[in-house]
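Breakdown of the fold
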Amino acid sequence: MPSWSDFQPFIVSGLALGGIYALSGVGLVVLYRATGVLNLAFGAVGAMGAFIAWSIIQAGAPGWVGWIACILFAGVVTLGYGLLFGPALAGRGPLVQAVSTLGLALVLFGAIDLLWSTSAGQSRSISFPTDNGGFMVGQVQVNWTQVIALAAGVVITAGTHAFLRYSKLGTAMRAMANDREITATLGVPVRRVEASAWFGCGLLSGIAGILLADLAALDDTTLVFTVVISSLAAALIARLRSIWVTFAAALVIGLVHDLITPISSLTSYQDMTPFVLAAIALLVMSRGQVMTRSREEG
Amino acid sequence: MIDTAGPKAPATTGLLQRPDRRTLVRATVITVLLLLALFALPPLMTGYYVDTMTQVAIYSIVTLGLGLLVGRVGLYSLGQLAVLVIGAWVGARLLFGTGQPYILVLIEAGLVTMIIGSLITLPALRLRGLYLALITLMLAGAVTVVLATLNFPNGGSGFSGYNGSFLHIPQIRRPSFAGTDPAYYRFSVVVAIVMFLLVFVHLRARPGRVWATIRQSEPAALAAGINTTVYKLWAMALASFVTGVAGALLAGADRELFSIDFPIQNSIELLAVVLMGGAFALSGAVVAAFLLAFLPALLYQLWSVPNDWLIILFGVGVMQVLATAPGGIADQFPKDMKRLYRYLRGRLRGPAPGAPGAHAAQAKEGETA
């Protein structure tokens, strides 16, 4: 059994990972509540953005141009999908809408593989200037990127909370989460509110993509699926409802995932963490469910 | 197209009733096509296409299982490829570890997969649609992780049957009567036919009608006194069984299995082609298998198109199908053909018969000529 000091560095990296999952999870939950669409292309959009950023930086541009390009690309693509397919699929139920976003994920995944082929065997990476600097907590080295990742998670969760509570647009989103029809009747521009939710979710996926490309790896499978599965697990534990529960669950998932690393017998199974945690949570929560109520919620 | 959900579908006594003309025509067409596939095709095809068609036959069983879940019961499973992997793993392990007859191994692999598949999805079955889809997506991810560690059996000893230091990996055996590629192709087609019949019988009997009820409205099914969990589990078990059989069949077809050949995106591709092919008709499963296994092989052979283009195509296809044609190709193609036929007939005969002025116009043309 590894000693406590073996685990310490992984608390830091786990919290950083958890921060990214948290902001992704919040993006998923807000979009789902506002539009009824669970955006399973979240990871793919961020991944493509990260690859574009890599190409831009590789071409000699300064780093921040690449990062902004990544975030903007993610926002625009997600918004474009929302404008095109949001109305077309409205009223078809959450399941069909979620599966349709998988189509977007496939398109982007194929495009990434085509444009940034892995067959050449070259390894790509994105690094921030904050990777090198840092400080010590006890005996553990913490770099600024990890701080940024966790801070981004906290700030975005808190910011979203404040946004939903105090801003006019946020109030409109909450109203739509409760009842779309009544909200429309009250004169809220439903389409415009939905579009801003799509754009915001896209921006978050871009942020998650670029951060994860640095902290984890610039690899399409990781970026497309790991983010979605982990943040989805967090969102599921929160029943796609509370952003603070999503935040907490995301931190736990990130922590557990990384803390398993020193335990050699479990290391190779650490990527199962989100699945196991979400399955347990769903099992516990599905007890005593009433079938005949709230068909629309599921 | 076998449209078992159609209004003309007879009740359980249907087998004794005199079939109507359409059913007879359909049955004849299907039989002829199957006979062609079994006997006329193999001598005409090169080895490359024999292998491809074997894959089509095997994957048609997989898409059949997923189509059953999606189209009949309304369970969107994203973990069906994981179920196939379980079947292939069990099949390969049994084929290496025992000398049992091949057919027995197929059935055993199906049964083991059925038990594992049902157990895994049992907690999710109590959840509603979206949650089931998400939990199966995570299941697909989890199985990918386990498989990367466990690897497929390659003739080693122990539970996993994997030996990483083998230089020459022994091949997975085939049945004595289907040792060659064309023979194994025929064998796969026959197994696929049996699986289709198994599902067909289910759809025609009580389970099929109950599943249709559940798909329409689960609360209504509950109110009608149906134990929805049992029937959903039944559907999942049946789909897992046929998929497990397909997995064991795949083990013999590929002869060497590698975990890298089953990446997680294939799970999503699988659902995409099932939706594109058409989840509401059994023929949709065949269309889906052709999309998944034949189209990439054909395009690669002709113009060496990389598989990534196919992934993009399936992505666009699934969005298009969901937005405009929920019935998929199996539903849309005959309609489009009918429309085309009507259009062509209209063009050939001039304005529609009976339309005012049609005769007059023709008569006038005759005069001027």
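Remember, predicted model here, so these are calculated numbers, not experimental data.

What about the overall build of chain B?
Secondary structure assignment for chain B yields 14 helices and zero strands. Taken from the N to the C terminus, the helices and strands of chain B come in the order α-α-α-α-α-α-α-α-α-α-α-α-α-α. Across the 369 residues of chain B, 45% fall into the buried class.

Looking at the pairing of strand β2 (residues 140–143) of chain A
Summarising the sheet, strand β1 (residues 134–137) of chain A and β2(A) pair through four bridges and their orientation is antiparallel. Bridge assignment links Met136(A) to a residue of β2(A), and that residue is Gln141(A).

Here we look at helix α1 (residues 21–44) of chain B
Residues and elements named next belong to chain B. A rise of 1.5 Å per residue sets the reference length of α1, with its 24 residues, at 34 Å; its end C-alpha atoms lie 33 Å apart and thus fit the reference within 8%. Most pronounced at Ala37, the bend in α1 amounts to some 40°. The buried fraction of α1 amounts to zero of the 24 residues, a small share that puts the element mostly on the outside.

Quick notes on the nonpolar core
One broad rule of soluble globular proteins: the nonpolar side chains tend to lie buried together. Formed by 209 residues in total, the largest nonpolar core has its most connected members in Ala105(A), Ala233(A) and Val245(B). When neighbours within four sequence positions are excluded, Val245(B) is seen to be in contact with Ile61(B), Gly87(B), Leu106(B), Ala109(B), Gly110(B), Val191(B) and Met195(B).

A few points about the packing of helix α1 (residues 4–35) of chain A against helix α8 (residues 190–215) of chain A
Residue and element names in this part refer to chain A. Remark: α1 packs on α8, axes separated minimally by 9 Å, with the N-to-C direction vectors making an angle of 165°. Considered as vectors, α1 and α8 are oriented roughly antiparallel to each other. Viewed along their axes, α1 and α8 form a crossing whose handedness is left-handed. For the contact of α1 with α8, the residue count by class is 17 nonpolar, five polar and one charged.

Describing the interface of chain A and chain B
When the parts of a complex come together, some accessible area is lost, and that lost area is often taken as the interface size. Of the residues lining the interface, 43 residues belong to chain A; the matching set on chain B comes to 40 residues. If you list the elements that add at least two residues to the side of chain A that touches chain B, you get α3 (63–89), α4 (94–115), α9 (220–237) and α11 (273–285) of chain A. At 17 residues, the largest contribution of residues to the side of chain A that touches chain B is made by α4(A). Each residue belonging to the side of chain A that touches chain B can be placed in one class, and the counts come to 31 nonpolar, nine polar and three charged.

Here we look at unusual backbone geometry
All names here are of chain A. Although it is not a glycine, Arg239 adopts a positive phi angle of roughly 55°. Its place among the elements puts Arg239 in the loop between α9 and α10 (243–259). Within the chain, Leu240 stands out as a residue other than glycine whose phi angle is a positive 55°. Within the element layout of this structure, Leu240 appears in the loop between α9 and α10. By C-beta crowding, Leu240 is classed as buried, having 21 other C-beta atoms within 10 Å.

Observations concerning the environment of Gly317(B)
Residue and element names in this part refer to chain B. Note that Gly317 resides in helix α12 (residues 307–324). By C-beta crowding, Gly317 is classed as buried, having 23 other C-beta atoms within 10 Å. Each C-alpha atom of the pair Gly317 and Leu275 lies 8.7 Å from the other, and the pair is 42 residues apart in sequence. Residues in contact with Gly317, not counting those within four places in the same chain, are Ala272 and Met276.

Cut-offs applied
- Residues numbered from 1 in each chain as written.
- Chains lettered and ligands numbered in written order.
- Predicted model: local features only at pLDDT ≥ 70, side-chain atom pairs only at ≥ 80, totals over all residues.
- Helix = DSSP H or I, 4+ residues; strand = E, 2+ residues; numbered from the N terminus.
- Buried ≥ 20, exposed ≤ 12 C-beta atoms within 10 Å, placed from the backbone.
- Pairing = 2+ DSSP bridges.
- Expected span 1.5 Å × (residues − 1).
- Bend = angle between axes of the 7 residues up to and from the residue.
- Core = buried A, V, L, I, M, F, W, Y, C linked by C-beta atoms within 7 Å.
- Contact = placed C-beta atoms within 7 Å.
- Axes fitted to C-alpha atoms, helices over the stretch in contact; angles between N-to-C directions.
- Parallel < 35°, antiparallel > 145°, perpendicular 65-115°, else oblique.
- Left-handed = near helix turned anticlockwise from the far one by under 90°.
- Nonpolar A, V, L, I, M, F, W, Y, C, P; charged D, E, K, R; others polar.

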